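# Structural description and commentary
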Amino acid sequence: MFNKILIIIRHATRSKLNSELSPLGRRQAEEIRKFTTKKGLTELKPLLLLSSPKIRCIQTLRPLADDLGVKVTVTEILDEQSRPESDGNFIRRIYRFYRWWRIQEVACCIICTHGDWIPHFFQVVFKQNVELPTGSLAILSLAKNQNKMSIDRIIHSDEMVF
């Protein structure tokens, strides 16, 4: 039995012209909505949706948020590494998120972040090298009455198409 689920989404494909989602990215965001809803993951309550401040992340979560009637909370802690930010500070920021998430009384937390953030998270928490392509997600769980996280499943964007 698990008491907490963390779903990490790498934002959907962005446009080459700007930071918004491309037509493919909009389809990926819709497939993410369908997948998480069909798998019953969004039925876990309380539910929290968190996003990097980048528009492509917010747009990736928007179909799911609209479907559930839930607000997307934007947080800098999920943002990609900025130029002046040292690698050490970036990794500490990711670890701060992990520590924060562990103490929250939320059954399911769905986050949308970036291609540089995700591998560092997996390295910090699992000591594993994991990268997600755009529009893909990982489902993680924290075992009830234990202090152990597990990677339940990694789903690439092409696996979500119904």
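Our subject in this report is the structure included herewith. (Residues numbered from 1 in each chain as written. Predicted model: local features only at pLDDT ≥ 70, side-chain atom pairs only at ≥ 80, totals over all residues. Heavy atoms only, no water.)

## Points about the nonpolar core
Let me state the cut-off plainly: Residues belong to one nonpolar core when they are buried, are Ala, Val, Leu, Ile, Met, Phe, Trp, Tyr or Cys, and are joined through side-chain atoms within 4.5 Å. The rule is simple: take the accessible area with a 1.4 Å probe, protein chains only, and divide by the maximum for that residue type; under 20% is buried, over 50% is exposed, in between is partly exposed. In this description a helix means any DSSP run of H or I spanning at least four residues, a strand means any run of E spanning at least two, and both kinds are numbered starting from the N terminus. Contacts between residues were defined by any pair of non-hydrogen atoms, one from each residue, lying within 4.5 Å.
Within the largest apolar cluster, 26 residues are counted, with the highest numbers of intra-cluster contacts made by Leu 6, Phe 97, Ile 111, Trp 117, Phe 121, Phe 122 and Leu 140. For this core, the element with the most residues is helix 4 (residues 117-126), which contributes seven residues. When near neighbours in sequence (up to four residues on either side) are disregarded, Phe 97 contacts Leu 6, Leu 50, Ile 77, Leu 78, Ile 111, Trp 117 and Phe 121. Formed by 20 residues, the second largest nonpolar core is a distinct cluster that contains Ile 7, Leu 47, Leu 61 and Leu 137.

## Topic: unusual backbone geometry
Residue Pro 46 is reached from Lys 45 by a cis peptide bond, and omega for that bond is -5°. Mapped onto the elements of the fold, Pro 46 is located in the loop between helix 1 (23-38) and strand 2 (47-51). Despite not being glycine, Lys 127 shows a phi value in the positive range, around 55°. With respect to the helices and strands, the residue Lys 127 is situated in the loop between helix 4 and strand 5 (137-143). By relative accessible area, Lys 127 is classed as exposed at 62%.

## Focus on the pairing of strand 5
In plain terms, the rule: Any two strands between which DSSP finds at least two bridges are classified as paired.
In terms of residue burial, strand 5 counts as a mostly covered element, since seven of its seven residues are buried. Residues of strand 5 alternate between two faces, with Leu 137, Ile 139, Ser 141 and Ala 143 on one and Ala 138, Leu 140 and Leu 142 on the opposite face, all of them buried. As paired strands, strand 5 and strand 6 (residues 149-155) are joined by six bridges and run antiparallel to one another. Bridge pairing in strand 6 places Leu 142 opposite Met 149.

## Considerations on helix 2 (residues 55-68)
What counts, and what does not: A helix is expected to span 1.5 Å multiplied by its residue count minus one. At every residue, the bend is computed as the angle between two fitted axes, covering the seven residues ending there and the seven beginning there respectively.
Taking 1.5 Å of rise per residue, 14 residues should cover 20 Å, and helix 2 covers 20 Å from first to last C-alpha, within 8% of that figure. At Arg 62, helix 2 shows its maximal bend, which comes to roughly 40°, and the proline Pro 63 appears one to four places after that position. Along helix 2, the positions that sit buried rather than exposed are Arg 56, Cys 57, Ile 58, Thr 60, Leu 61, Leu 64 and Ala 65. Of the residues flanking the end of helix 2, it is Gly 69, one or two places downstream, whose phi is positive at about 70°.

Note that every value here comes from positions in space, so none of it alone points to a role or purpose.
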